[in-house]
Amino acid sequence: MAGRDQGSAEATSKHPVPPGFAGALVTPESYSAMYAASIADPDAFWGEQGKRIDWIKPYTRVKNTDFTFGQVSINWFEDGVLNVAANCTDRHLARRGSQTAIIWEPDDPKTPARHISYAELHENVCRMANVLKAHGAAKGDRVVLYLPMIPEAAYAMLACARIGAIHSVVFGGFSPDALANRVNDSEAKIVITADTAPRGGRRTPLKSNADAALLHCDDKVKCMVVKHTGDQTTWVDGRDIDILAEMRAASADCPAEPVNAEDPLFVLYTSGSTGKPKGVVHTSGGYLVYAAMTHQLTFDYKDGDIFWCTADVGWVTGHSYIVYGPLANGATTVMFEGVPTFPDAGRFWEVCAKHKVNQFYTAPTAIRALMGQGAEWVEKHDLSSLRVLGTVGEPINPEAWVWYDKHVGKGKCPIVDTWWQTETGGHLITPLPGATETKPGSATLPFFGIKPVVLNAESGVVQEGNPAEGVLCIADSWPGQMRTVWGDHQRFQETYFQQYKGYYFTGDGCRRDEDGYYWITGRVDDVINVSGHRMGTAEVESALVAHEKVAEAAVVGYPHEIKGQGIYAYVTLMNGVEPTEDLRKELVKWVRNEIGPIASPDLIQWAPGLPKTRSGKIMRRILRKIAENDFGALGDTSTLADPSVVDDLIGNRMNRA
Ligand code: ATP
Ligand code: MG
């Protein structure tokens, strides 16, 4: 950003790989050599990496991709034949049949955890696959999963994969409307749900939500129900199926359907923070290779490690780093049904200690929330098993990074700030624990095979050399890339390949510093232009959150007569802090000092809550509308976690011009 000598400040705040972190899979030297090789000859590089997984018929062609607008087509390992579920279960049976595949940690800590071995996982997947088949599911059919974080969610994903059906997981926190939209958009034949979903001591009535949703769907859609809590639900004879009962009666033998590398594995709708959710399509071969490889190398996963990703399987993070990546690697993956603050703010750390977790992967929003509760909750638990910490979902403000490093990692765990998207299938820009010096707030350097480019937002000209700033695009394909938008290849091309010809456009803004490190500055829509100075809203937010009285902040631009755009900040204060005029002035001054006069907020609105998606992302497009005093058409709000916060913000808006 203009007016701030950041380069040097960033350069001095480098954190080396912690000295005690030894024996890493990737070292600084091997990273450089391997990265260079991956860019120089993608066919050779990925041809080799493709062997990470088992193929029924090996591929002879590796990469066949075209980013040309109008004829975008992405194919990897295209003549290979495989089965994804067999890669996640069968192939491990000989060596790891009795090893734990999934550790299930229930919402209520008094309920015992479950350890599911690879042999049990295999058996359950086969039985469930047979139930799906018995009810008419076949290769290419869509199956919607609307489930709690229970082992059956993983069984269901793998059961679909086993028979070549395409799953679409819908987060259990979504409303009946959102569920119906996704069932209809994907033209699903079957919905798999559960009676109720315990979370944070409360129960979400999944089955009755599904009942409500199915009123708006084709009446041929079947509803399979996991009786998880035993709570009573309505039952529609002929439509509803007790899936556990049928699994017990089903055969445990189910041959894995051979599928083509480019047959779809799943459709997953994006979180919708920028617009109507898109049905992101991932296929089988390339996705699995990329998920497995990033899981192993980004987290330095080694045999016997216990890996915990706290995401929900309703998000791509749960797909790639709870289910497919870890299970393809024969790992032990933790699946957590609950929330970080139940029964108390120490739950994450209690679970880490209980299961001796080695790699822990969560979102900045969770870290900030727990940071607000105080470090004493962390100190209570023995976290000595932790080796690597990760974050995903949004830029992590340095404040939270430093807290995570100090209190959770005790300064000995590398932190991997992984930048990626539903669309990318796996990490694209991320540190590797044993190889990359980190800088709090930077996703650092590209993963193997990834060619990030920074373009001028207006002209589209590639910004060579360092530092550079603009929009983030990717110059060439990688195996985990989405292939299309479900049912709408045109929208796929228009969204990602039209604006900057020849590139995959990520929608994110970024800066590359002197060292070639990437700093994601937020969505391109979130870059504001104040008197000719472009800045990412994330930067102003980060400054605000660094103030001791601020719990959370969201910043957007709004039309300003003199400056072009003014800075509008929504600020949530720490518990018990009084919102006063003096505090408002103090915060403006604070941001001036932290960043520079150009970044001073013009308007600060006290926000008891911020509009967030179910995955915890701030919906800035709604905040932008309110700041523009144009709240008549807020757009798609179906993925909002708590719609009531919006009314409060409208009622107390600052710009009534
Ligand atoms: P939609 O595309 O529907 O608006 P979404 O972009 O929120 O939804 P996701 O695919 O879940 O859906 O999120 C990807 C986005 O999250 C990235 O484009 C980026 O803006 C942000 N993001 C993810 N990880 C990071 C990270 N480590 N640092 C910075 N930003 C991140
Ligand atoms: Mg997105």
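Residues numbered from 1 in each chain as written. Chains lettered and ligands numbered in written order. Predicted model: local features only at pLDDT ≥ 70, side-chain atom pairs only at ≥ 80, totals over all residues. Heavy atoms only, no water.

- The protein appears in an unreviewed UniProt entry as Acetyl-coenzyme A synthetase from Albidovulum sediminis.
- Heading Cofactor (unreviewed entry) of the UniProt record for the protein holds this comment: "Mg(2+)".
- Turning to the protein, the UniProt record has this under Sequence similarities (unreviewed entry): "Belongs to the ATP-dependent AMP-binding enzyme family." (UniProt positions renumbered as here; feature names shortened; annotations may be inferred.)

**Some thoughts on the overall build of the protein**
Thinking step 1. Scanning the protein from terminus to terminus reveals 21 helices and 30 strands.
Thinking step 2. The C-alpha radius of gyration of the protein comes to 24 Å, within 12% of the 26 Å expected for a compact globule of 657 residues.
Thinking step 3. Projected onto its principal axes, the C-alpha positions of the protein cover 70 × 55 × 55 Å.
Thinking step 4. By residue count, 60% of the 657 residues in the protein fall in the buried class.
Thinking step 5. Contacts spanning at least 24 positions in sequence make up 72% of the contacts within the protein whose residues lie at least 6 apart.
Thinking step 6. When the accessible surface of the protein is split by element, carbon and sulfur atoms take 50% of a total near 23600 Å².
Thinking step 7. Between the centroid of the 64 positive side chains of the protein and the centroid of its 79 negative side chains there is a distance of 1 Å. (Helix = DSSP H or I, 4+ residues; strand = E, 2+ residues; numbered from the N terminus. Rg over C-alpha atoms; globule rule 2.2 N^0.38 Å. Buried < 20%, exposed > 50% of the residue type's maximum accessible area, 1.4 Å probe, protein only. Contact = heavy atoms within 4.5 Å. Areas by Shrake-Rupley, 256 points an atom, 1.4 Å probe, with all protein chains shown as cover. Lys, Arg positive; Asp, Glu negative; His and termini not counted. Charge placed at Lys NZ, Arg CZ, Asp CG, Glu CD.)

**Things to note about the UniProt feature "binding site: ATP" (unreviewed entry) in the protein**
Thinking step 1. Those residues carrying the UniProt feature "binding site: ATP" (unreviewed entry) are Gly393, Glu394, Pro395, Asp417, Thr418, Trp419, Trp420, Gln421, Thr422, Asp508, Arg523 and Arg534 in this numbering. Of the residues just listed, which span 142 residues, the most distant C-alpha pair is 26.9 Å apart, and they do not cluster in one region.
Thinking step 2. As for its position among the elements, Arg523 is in strand β25 (residues 518-523).
Thinking step 3. Taking relative accessible area as the criterion, Arg523 reaches 24% and is therefore assigned partly exposed.

**What to know about the environment of Met293**
Thinking step 1. Position of Met293 relative to the elements: it lies in helix α11 (residues 285-298).
Thinking step 2. As a C-alpha pair, Met293 and Pro326 span 33 residues in sequence and 9.6 Å in three-dimensional space.
Thinking step 3. Setting aside chain neighbours within four positions, we find Met293 in contact with Met34, Phe45, Trp46, Gln49, Arg52, Phe447 and Phe448.

**Here's the deal with a negative patch on the surface**
Thinking step 1. On the surface, Asp185, Glu187, Asp488 and Glu494 cluster together into a patch of negative charge.
Thinking step 2. Take Glu187: it is sitting in the loop between α8 (176-186) and β8 (190-194).
Thinking step 3. Overall, Glu187 belongs to the exposed group, its relative accessible area being 58%. (Patch = residues over 30% accessible without salt bridge, like charges linked within 9 Å, V, L, I, M, F, W, Y side chains within 5 Å. Salt bridge = Lys/Arg side-chain N within 4 Å of Asp/Glu carboxyl O.)

**Remarks on helix α7 (residues 151-163)**
Thinking step 1. In this model α7 runs 19 Å from its N-terminal to its C-terminal C-alpha over 13 residues, within 8% of the 18 Å that 1.5 Å per residue would give.
Thinking step 2. Of all 13 residues in α7, 13 are buried, a share of seventy percent or more.
Thinking step 3. Phi turns positive one or two residues past the end of α7, at Gly164, with a value near 80°. (Expected span 1.5 Å × (residues − 1).)

**With respect to the sheet that holds strand β22 (residues 468-474)**
Thinking step 1. Taking strand neighbours across the sheet as the criterion, the four strands line up as β21-β22-β24-β25 in an open arrangement whose pairing is antiparallel. Across the chains shown, the open sheet's two edge strands, defined by having one partner strand only, are β21 (452-455) and β25. Averaged over all neighbouring strand pairs, the angle between strand axes comes to 45°, with direction disregarded.
Thinking step 2. Inspection of the sheet shows β22 paired to strand β24 (residues 504-512) by six bridges, in the antiparallel sense. Residue pairing for β24: Glu469 is matched across the bridge by Arg511. (Pairing = 2+ DSSP bridges. Axes fitted to C-alpha atoms, helices over the stretch in contact; angles between N-to-C directions.)

**Notes on the side chain of Thr100**
Thinking step 1. Within the fold, Thr100 resides in strand β4 (residues 100-105).
Thinking step 2. A relative accessible area of 18% places Thr100 in the buried class.
Thinking step 3. Residue contacts for Thr100: discarding those within four places in its chain leaves His115, Ile116, Ser117, Tyr118, Ala331 and Thr332.

**Some remarks on the confidence of the model for the protein**
Thinking step 1. Across the protein, the average pLDDT comes to 94, with 98% of residues at or above 70.
Thinking step 2. Predicted confidence is poor over residues 1-12, with pLDDT under 50, and the contacts of this stretch with residues over four places away or in other chains come to 23 contacts.
Thinking step 3. With a pTM of 0.88, the predicted complex shows an ipTM of 0.99. (pLDDT = per-residue confidence, 0-100.)

**What to know about the packing of aromatic side chains**
Thinking step 1. Across all of its chains, the model carries 39 aromatic pairs by this definition.
Thinking step 2. Between Trp308 and Phe336, the ring centres sit 5.6 Å apart and the planes meet at 90°, which makes this aromatic pair edge-to-face. In this pair, Trp308 is assigned in strand β16 (residues 306-309) and Phe336 in strand β17 (residues 332-336), connecting sequence segments 28 residues apart.
Thinking step 3. In this structure Trp308 comes out as buried when scored by relative accessible area, which is 0%.
Thinking step 4. Arranged with centres 6.3 Å apart and planes meeting at 70°, the rings of Phe336 and Phe348 form a pair that is edge-to-face. With Phe336 in strand β17 and Phe348 in helix α13 (residues 347-355), this residue pair connects regions lying 12 residues apart in the sequence.
Thinking step 5. Assessed through its relative accessible area of 4%, Phe348 is described here as buried.
Thinking step 6. In this structure, Arg182 packs its charged tip against the face of Phe174, placed 4.6 Å from the ring centre.
Thinking step 7. Lying over the aromatic face of Tyr517, Lys439 brings its terminal NZ or CZ to 4.6 Å of the ring centre. (Phe/Tyr/Trp six-rings, centres within 6.5 Å; stacked < 30°, edge-to-face > 60°. Lys NZ or Arg CZ within 6 Å of the ring centre and 35° of its normal.)

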